[in-house]
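Residue-level structure breakdown
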Amino acid sequence: MKLAEALSLRKDLHTRVNQLVARLQNNVVIQEGDEPGEDPKELLGELKRSVNQLEYYIFKINATNMQVTNEKGESLTKLLAEREALNMYINGLRNTITAATNIGTRYSRSEIKMVATIDVKVLRKRIDELSKKYRLLDMEIQSLNFKYDLVE
């Protein structure tokens, strides 16, 4: 199985677990004398099986990510951490631009004038550069995901 396939299964299992929890919550308390729409004991068993499968894929994916390396010898785990950090930095810069450009409107000259303390144009250019780096890194990660098999 390719790493990409395992990642897809992991995502599906996350969704499944969340759905099972919601279904359990809807069926654990009922009005006296009524029957639940679904058997909570069956749902609990299904939840346990799904969580066990999810644990298996999380472990195998993490083990694979530690072993898979790019042409520079960097592990997939390192690349994933770099991508996540880059994404956080880009979002922080975008939020900064939003704050710097939402100065507000003055209704009269007597109101206090607010001004930005950063050069928004320079910051936008930096975001564009970082976004390109992010896209290239993401494509490299996706390529590795489809190239390598899940570690057994």
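Report on the accompanying structure. (Residues numbered from 1 in each chain as written. Predicted model: local features only at pLDDT ≥ 70, side-chain atom pairs only at ≥ 80, totals over all residues. Heavy atoms only, no water.)

Re the pattern of salt bridges
For the structure on display, the rule yields seven salt bridges. Among the salt bridges present, the one from E38 reaches R23, with a minimum N-O distance of 2.4 Å. You can see E38 sitting in the loop between helix 1 (3-27) and helix 2 (40-67) and its partner R23 sitting in helix 1, a full 15 residues away along the chain. Exposure remark for E38: the relative accessible area of 28% places this residue in the partly exposed category. Sharing partners across several salt bridges, the network here consists of E74, K78 and E82. (Salt bridge = Lys/Arg side-chain N within 4 Å of Asp/Glu carboxyl O. Helix = DSSP H or I, 4+ residues; strand = E, 2+ residues; numbered from the N terminus. Buried < 20%, exposed > 50% of the residue type's maximum accessible area, 1.4 Å probe, protein only.)

Quick look at the packing of aromatic side chains
In total, this model carries one aromatic pair according to the counting rule given. A ring pair is formed by Y56 and Y57, whose centres lie 5.2 Å apart and whose planes are at 80°; its orientation type is edge-to-face. The exposure class of Y56 is partly exposed, given its relative accessible area of 37%. (Phe/Tyr/Trp six-rings, centres within 6.5 Å; stacked < 30°, edge-to-face > 60°.)

A short note on a nonpolar patch on the surface
Judged by side-chain polarity, I103, I112 and M114 come together as a nonpolar surface patch covering roughly 320 Å² of accessible area. Mapped onto the elements of the fold, M114 is located in the loop between helix 3 (76-101) and helix 4 (120-147). (Patch = residues over 30% accessible without salt bridge, like charges linked within 9 Å, V, L, I, M, F, W, Y side chains within 5 Å. Areas by Shrake-Rupley, 256 points an atom, 1.4 Å probe, with all protein chains shown as cover.)

Some points on the packing of helix 1 against helix 2
Orientation of helix 1 relative to helix 2, taken along the N-to-C sense of each, is 155°, at an axis distance of 9 Å. Between helix 1 and helix 2, the angle falls in the class roughly antiparallel. Taken as a pair, helix 1 and helix 2 cross one another with a handedness that is left-handed. The class makeup of the residues in the contact of helix 1 with helix 2 is 18 nonpolar, six polar and four charged. (Axes fitted to C-alpha atoms, helices over the stretch in contact; angles between N-to-C directions. Parallel < 35°, antiparallel > 145°, perpendicular 65-115°, else oblique. Left-handed = near helix turned anticlockwise from the far one by under 90°. Nonpolar A, V, L, I, M, F, W, Y, C, P; charged D, E, K, R; others polar.)

Overview of the environment of I103
Tracing the backbone through its elements, the reader meets I103 in the loop between helix 3 and helix 4. Once the C-alpha coordinates of I103 and N91 are considered, the two residues, twelve residues apart in sequence, prove to be 19 Å apart.

A look at the side chain of N27
Topologically, N27 is positioned in helix 1. From its side chain, N27 meets the backbone oxygen of R23 in a polar contact 2.8 Å long. If sequence neighbours within four positions are ignored, N27 has contacts with P36, G37, E38, P40 and L43. (Polar contact = N/O pair within 3.5 Å; in protein donor to acceptor, adjacent residues only side chain to side chain. Contact = heavy atoms within 4.5 Å.)

So, helix 2
Relative to the 40 Å expected for 28 residues at 1.5 Å per residue, helix 2 spans 40 Å between its end C-alpha atoms, a close match to the ideal helical length. The set of residues buried in helix 2 consists of P40, L43, L47, S50, L54, Y57, K60, I61, T64 and N65. Buried-residue contacts for helix 2 involve helix 1 and helix 3. Two or three places before K41, at the opening of helix 2, D39 has a side-chain oxygen 3.0 Å from that residue's backbone nitrogen. (Expected span 1.5 Å × (residues − 1).)

Some thoughts on the packing of helix 3 against helix 4
One can describe the packing of helix 3 onto helix 4 by two numbers: an axis separation of 9 Å at closest approach and a directional angle of 155°. One element, helix 3, and the other, helix 4, form an angle in the roughly antiparallel class. Viewed along their axes, helix 3 and helix 4 form a crossing whose handedness is left-handed. Classifying every residue of the contact of helix 3 with helix 4 by side-chain character gives 17 nonpolar, six polar and eight charged.

As for helix 4
Two residues of an α-helix separated by three or four positions point the same way, owing to the 3.6 residues in each turn. Taking 1.5 Å per residue as the helical rise, helix 4 with its 28 residues ought to reach 40 Å, and the 40 Å between its terminal C-alpha atoms agrees with that figure. Looking at helix 4, one finds that the buried residues are V120, L123, I127, L130, S131, L137, I141, L144 and N145. Taken together, the buried residues of helix 4 touch helix 1 and helix 3. A side-chain oxygen of the first residue of helix 4 lies 3.1 Å from the backbone nitrogen of K121; this N-cap is D119.

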